Amino acid sequence: MSTGERQIDIIVERFDPARDEQVRRERYTVPYDHDTSLLDGLNYIKDHIDGSLTFRWSCRMAICGSCGKMVDGEPRLSCKTFLRDFAPGPVHVEALHHFPVIKDLVVDQAGFLDKLHDARLWLLRDEERPLSDGPHPQTPQQRARIESTSACINCLLCYAACPQYGLDTDFAGPGLLALVERYNADSRDQGKAERMPLINAEEGVWSCTLVGNCSAVCPKGVDPAAAINRNKLESTKDYFLRFLKLGLGGRE
Amino acid sequence: MSRADGLVESLRFDVVIVGGGGAGLSAAIAVAEQHPDLSIALLSKVVPMRSHTVAAEGGAAGVVTDADDLDLHFRDTVVGGEWLCDQDAVDHFVARCTEEMVRLEHWGCPWSRRADGGTAVRNFGGMSTARTWYAADKTGFHILHTLFQTSLKFNGIQRFDEYFVLDLLVDDGRCCGAVAIDIASGSFRAFHAGAVVMATGGAGRVFRQNTNAGILTGDGLGMALRHGVALRDMEFVQFHPTTLPGSGVLITEGCRGEGGYLTNRDGHRYLQDYDLGPVVSEPTPKTMELGPRDRLSQAFWHEQQAGRTVDTPTGPAVNLELMHLGRRKLAERLPFISELSRTFVGVDPAEAPIPVCPSVHYTMGGIATDRSTATALAGLYACGECASVGIHGANRLGSNSLAELLVFGRDAGVGAAAFALDHRSKGASAALDAQAGDSAAQALDRLNRPGGGERLATLRDRMTQAMQDGVGIYRSAEAMAATCETLEALARSLDDIRLDDRGRAFNTEWLSAIEFGFTLDVARCIAYAALNRRESRGSHQRLDEYNKRDDENFLCHSLATLEPGAAPRIEYAGVNVTRLPPGERRYGGHKERSDGDRAGGEKTI
């Protein structure tokens, strides 16, 4: 970043488990220029003012998904948020909502990570294709169906924006349901049936109340709300198919 | 001593993998697939999908078209590396790449497709023909997420996310585990294992302007050094020619593979003036913008010296023109570049050129391994960017590194598993407990020491600036010696770093101070290896009397080792030349058939 003449205040909600009963608010003044990101501003504080300010970051180019924060109440990637857009300030920064805070701006991500395994986020095939057979065929049109959902960087901004996840952290959540849809919609996958229990469950798609905040805050254009809607359709079809089978005397 | 005072809890696994990026995940999956009964600990200082594999854009090499063959990929790689590649390793590598691309496809990687449903390939710098598999311009992202999600299905892989590895455990000349800090709590754990795989990525953060994530501090290289394992070819640092000035954000070579032009302030496609012409309007292998990265970065340096670059608020740049590709192609092939350009420099590449300049991108040297990824320390394997398996030589070709982490990540997993089966971990012992206790005590001392000296950031800035000044695109004895001197002074002030944060839980300042110790050791190896290589080859170019390649004295690998309290020691070892003897390295219209070129569809003069 270039350090210009302009200055802006950043107010950070801080919490140190070793000394704080509740969050405390600290205010820092940082220099900024046309291209100074909020992440640059936080790093300026850490490097030059207070080395104890704690936050996650890594790639600084909006692809690793580490640096989500609440910025003036909205979940955002701090590397893709620019201080110039908040002039004259102050900018108010806090940890992502709906996750327990470990320290300062660092949250415990277990609410998302622990759900990944059961979602079966890998290609499921009835029979594995030998390597010698080469790649599965997939047309550009078929690939286009997973273009948006496969772009999820797991940054958790959609979880912080989702009122339903705020009420019940057992809810699978928008990001995870978008990833489920990413595999279900993949022309090479045959595992939809294995993923239906998660989708049909109380914590699955039916918990979603269609607020749509998830899609509004997604920094990668994933549109989890649309993915969840497609899953609801699948879940409905699945329900009626099972109902039909039972009605005909079949077994589940 | 209570646990809060630094007591180390012990855990036992068959294989411990340090690093959860593409290489570490490949290794973990290889072990789990082949040996479902082995227990695997995957330790990473970030959650795996945050690893920097995620930021690779352009693609991964693997011979697949009728116009291509393994020999051509071999020749491109050896010539691209200016004959400093171990040719047996390159042969092994090129033969395995395509299989790994297919394996990833079977795991769900969304490779970009041709209209007929086959996987697509694009042109890349220094490659004779299109052989770079890609997933739009987010190839590393898709590879990493495919590997991460696939790894979830193996119960044998136990993840330890946000564990910071401090040191290796070594007993009787054998690596038998690692000591780590659980970042969230700040408590210590010893991971005992039959074998350890190091997969911690590169060290681009030793330079001021780089494309690397903040986590690429060379930890694995520093740890190996401390146990006497040599770092090979560290003087070869890759500058990527097209990155955003100031931030160093990567703008993929895929832009040029798709037909982008580089022009100077006069709108002139200046690469024609650096033996890369003739000027061609369509992407043409090994010509103009599809020359290798070292040559393109060097051409930029000359343009800058001649005053023909464009001034931007964050430094000199040239123009990367993509306008002629059209909005539709940009959306299909380069959507991430379009997003990065709009976000970070406010440029819509469909309408205006992107300002770009070279930044440090890739650590071409690394922990010395043999062709099977084994290091000189029994039980320790290394793969991916932290390793030097010998395929990159003096200049890596773009799209060989994503292929590398798949091929050699798998090999490292297989090798480590075999070793672990022969040398089952016995778990904790008095000697290992003492070592783990020492590592923990040192880390705690780092945290609790009064440290009346300077701030970490001040020292880090001094190091990165010294590296930028002394071991950049062009180097001289005088500047390199000055850099070495600065680095030695920094090494002496390391103990006095002033920390603000004295807590144990999620103390990133403390961890950064430990990282800086590793980074500085790696920086010293780079600078001394560069100073000692008295020739010019690939990415190591000197302005002084050693401005020519010298096969007689320097067709050899450098090996850097470090003893406490002394400057790095630089020794040399032979390069394995099996079938392509050193010759002239030429690109553009001057390229010769003997350098692995084929005429198919290319325009040459």
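Each helix and strand in chain A was counted, giving 9 helices and 7 strands. Each principal axis of the C-alpha atoms in chain A carries an extent, and together these give about 75 × 45 × 30 Å. Of all 252 residues assigned to chain A, the portion counted as buried reaches 49%. By sequence separation, contacts in chain A at least 24 residues apart represent 66% of the contacts at least 6 residues apart.

Across its full length, chain B carries 15 helices and 24 strands. In summary, chain B has a C-alpha radius of gyration of 23 Å against a globular reference of 25 Å for 605 residues, a match within 12%. For chain B, the spread of C-alpha atoms along the three principal axes comes to 75 × 50 × 50 Å. Each of the 605 residues in chain B was classed as buried or not, and the buried ones make up 65%. Nonlocal contacts in chain B, meaning residues at least 24 apart in sequence, comprise 76% of its contacts between residues at least 6 apart.

All names here are of chain B. Under the domain assignment, chain B is made up of domain 1 (240-359) and domain 2 (450-547). Using C-alpha coordinates to define each centre, domain 1 is positioned 29 Å away from domain 2. With 5 residues of domain 1 at the contact, the number on the domain 2 side is 5 residues. Residue contributions to the side of domain 1 that touches domain 2 peak at 4 residues, all from helix H7 (residues 293-305). When grouped by side-chain class, the residues that make up the side of domain 1 that touches domain 2 number 2 nonpolar, 2 polar and 1 charged.

Before going further, it helps to examine the domain arrangement of chain A. How large an interface is tends to be reported as the accessible area lost when its parts come together. Residue and element names in this part refer to chain A. As assigned here, chain A comprises domain 1 (6-107) and domain 2 (110-247). On a C-alpha basis, the centroid separation for the pair domain 1 and domain 2 is 31 Å. Taken together, the contact pairs 15 residues of domain 1 with 14 residues of domain 2. Taken together, the elements giving at least two residues each to the side of domain 1 that touches domain 2 come down to strand E3 (68-71) and strand E4 (74-77). Partitioning the side of domain 1 that touches domain 2 into residue classes produces 8 nonpolar, 4 polar and 3 charged.

Another aspect to go through is the nonpolar core. Core analysis: the biggest nonpolar cluster contains 265 residues, and Val15, Ile17, Leu43 and Val197 of chain B have the highest contact counts within it. Ignoring sequence-local partners within four residues, the contact set of Val15 of chain B consists of Val31, Leu38, Ile40, Ala193, Gly194, Ala195, Val197, Ala416, Ala417 and Ala420 of chain B.

Strand pairing in a sheet is mediated by backbone hydrogen bonds. Such pairs are either parallel or antiparallel. Residues and elements named next belong to chain B. An order of E1-E10-E9-E8 is seen for the 4 strands of this open sheet, with the pairing classed as mixed. Two strands in the sheet have a free side with no partner beyond their single neighbour: strand E1 (8-12) and strand E8 (163-171). Neighbour-to-neighbour, the strand axes of the sheet open up by a mean angle of 25 degrees, direction not taken into account.

Turning our eyes to something else, we now look at helix H5 (residues 219-226) of chain B. Residue and element names in this part refer to chain B. Of all 8 residues in H5, 7 are buried, a share of seventy percent or more. The complete set of buried residues in H5 reads Asp219, Gly220, Leu221, Gly222, Met223, Ala224 and Leu225. Of the residues one or two after H5, Gly228 is the one with positive phi, at around 80 degrees.

Now for the sheet that holds strand E3 (residues 40-44) of chain B. Residue and element names in this part refer to chain B. Across the sheet, which stays open at both edges, the 5 strands sit in the order E7-E3-E2-E11-E19 with parallel pairing between neighbours. This sheet does not close on itself; its edge strands, each paired only once, are strand E7 (157-161) and strand E19 (380-382). The average undirected angle you get between the axes of adjacent strands in this sheet is 20 degrees. Bridging between strand E11 (residues 195-198) and E19 involves 3 bridges; their strand directions are parallel. Across the sheet, Val196 pairs through a bridge with Leu380, a residue of E19.

All right, on to the interface of chain B and chain A then. If you look at the interface, chain B gives 48 residues, while chain A gives 48 residues. The set of elements that each furnish at least two residues to the side of chain B that touches chain A consists of helix H3 (87-106), helix H4 (139-151), helix H9 (335-345), helix H12 (456-470) and helix H14 (508-532) of chain B. Tallying contributions element by element places H3 of chain B first for the side of chain B that touches chain A, with 5 residues. The residue inventory of the side of chain B that touches chain A, partitioned by class, reads 23 nonpolar, 15 polar and 10 charged.

Here the focus is H12 of chain B. Residue and element names in this part refer to chain B. Compared with the 21 Å implied by 1.5 Å per residue over 15 residues, the 21 Å span of H12 between its first and last C-alpha is a close match. If you check which residues of H12 are buried, you get Leu456, Leu459, Arg460, Met463, Ala466, Met467 and Gly470. Along the axis of H12, the buried residues cluster in a sector spanning 130 degrees; they form a single face.

Here we come to unusual backbone geometry. Residue and element names in this part refer to chain A. Along the chain, Ala87 connects to Pro88 via a cis peptide bond; the corresponding omega equals 0 degrees. Within the element layout of this structure, Pro88 appears in the loop between E4 and strand E5 (91-94). The omega torsion across Gly89 and Pro90 is 0 degrees, close enough to zero to call that bond cis. Position of Pro90 among the secondary structure elements: in the loop between E4 and E5.

A separate point is the pairing of strand E2 (residues 15-18) of chain B. All names here are of chain B. Taking every second residue as pointing to the same face, both faces of E2 are buried, with Val15 and Ile17 on one and Val16 and Val18 on the other. Both E2 and E3 contribute to a ladder of 4 bridges, which runs parallel. Following the sheet pairing, Val15 is matched in E3 by Ile40. For the handedness criterion, the β-α-β arrangement of E2, helix H1 (residues 22-34) and E3 is classed as right-handed. In the sheet, E2 pairs with E11 via 4 bridges, with the strands oriented parallel.

Next up on the list: the packing of H1 of chain B against helix H10 (residues 400-422) of chain B. All names here are of chain B. Orientation of H1 relative to H10, taken along the N-to-C sense of each, is 40 degrees, at an axis distance of 7 Å. The pairing of H1 with H10 is recorded here as oblique in orientation. Along this stretch, H1 crosses H10, giving a crossing that reads as right-handed. Two secondary-structure elements touch here, H1 through Gly22, Ala23, Ser26, Ala27, Ala28, Ala30, Val31 and Gln34 and H10 through Leu402, Leu405, Leu406, Gly409, Arg410, Ala412, Gly413, Val414, Ala416 and Ala417.

Residue and element names in this part refer to chain B. Across chain B, pLDDT averages 95, with 96% of residues at or above 70. Under a pLDDT of 50 for its full length, residues 592-605 has, in the predicted model, 28 contacts with residues more than four places off or in other chains. Interface predicted TM-score (ipTM) for the complex: 0.95; the corresponding pTM is 0.96.

Turning our eyes to something else, we now look at the environment of Ser558 of chain B. All names here are of chain B. As for its position among the elements, Ser558 is in strand E23 (residues 556-561). For the pair Ser558 and Gly259, spaced 299 residues apart in the sequence, the C-alpha separation amounts to 37 Å. Apart from residues no more than four positions distant in its own chain, Ser558 is found in contact with Arg232, Asp233, Met234, Glu235, Ala529, Asn532, Arg533, Ile570 and Tyr572.

Bringing the packing of H1 of chain B against H4 of chain B into the picture now. A pair of packed helices is characterised by two quantities: the angle between their axes and the separation of those axes. Residues and elements named next belong to chain B. It is the contact of H1 with H4, at a shortest axis distance of 10 Å, that shows an interaxial angle of 30 degrees. As far as their axial angle goes, H4 and H1 are roughly parallel. The chirality of how H1 crosses H4 is left-handed. Residues Gly22, Leu25, Ser26, Ala28 and Ile29 of H1 lie in contact with H4, whose contacting residues are Ile143, Leu144, Leu147, Phe148, Thr150 and Ser151.

Our focus in this paragraph is the environment of Ser185 of chain B. All names here are of chain B. Along the chain, Ser185 falls in the loop between strand E9 (174-182) and strand E10 (187-192). In this structure, the C-alpha to C-alpha distance between Ser185 and Ala505, residues 320 residues apart in sequence, is 4.4 Å. Contact partners of Ser185, with chain neighbours within four places excluded, come to Arg504 and Ala505.

All right, on to the environment of Ser388 of chain B then. Residues and elements named next belong to chain B. For Ser388, the position within the fold is in strand E20 (residues 387-388). Residue Ser388 is classed as buried on the basis of its 28 C-beta neighbours within 10 Å. Once the C-alpha coordinates of Ser388 and Asp233 are considered, the two residues, 155 residues apart in sequence, prove to be 7.8 Å apart. When near neighbours in sequence (up to four residues on either side) are disregarded, Ser388 contacts Arg232, Asp233, Gly365, Gly366, Ile367, Ala368 and Thr369.

Basis of the calculations
Residues numbered from 1 in each chain as written. Chains lettered and ligands numbered in written order. Predicted model: local features only at pLDDT ≥ 70, side-chain atom pairs only at ≥ 80, totals over all residues. Helix = DSSP H or I, 4+ residues; strand = E, 2+ residues; numbered from the N terminus. Buried ≥ 20, exposed ≤ 12 C-beta atoms within 10 Å, placed from the backbone. Contact = placed C-beta atoms within 7 Å. Rg over C-alpha atoms; globule rule 2.2 N^0.38 Å. Domains from an automatic or database assignment. Nonpolar A, V, L, I, M, F, W, Y, C, P; charged D, E, K, R; others polar. Core = buried A, V, L, I, M, F, W, Y, C linked by C-beta atoms within 7 Å. Pairing = 2+ DSSP bridges. Axes fitted to C-alpha atoms, helices over the stretch in contact; angles between N-to-C directions. Expected span 1.5 Å × (residues − 1). Arc of directions from axis to C-beta. Right-handed = clockwise from strand over helix to strand, strands pointing away. Parallel < 35°, antiparallel > 145°, perpendicular 65-115°, else oblique. Left-handed = near helix turned anticlockwise from the far one by under 90°. pLDDT = per-residue confidence, 0-100.

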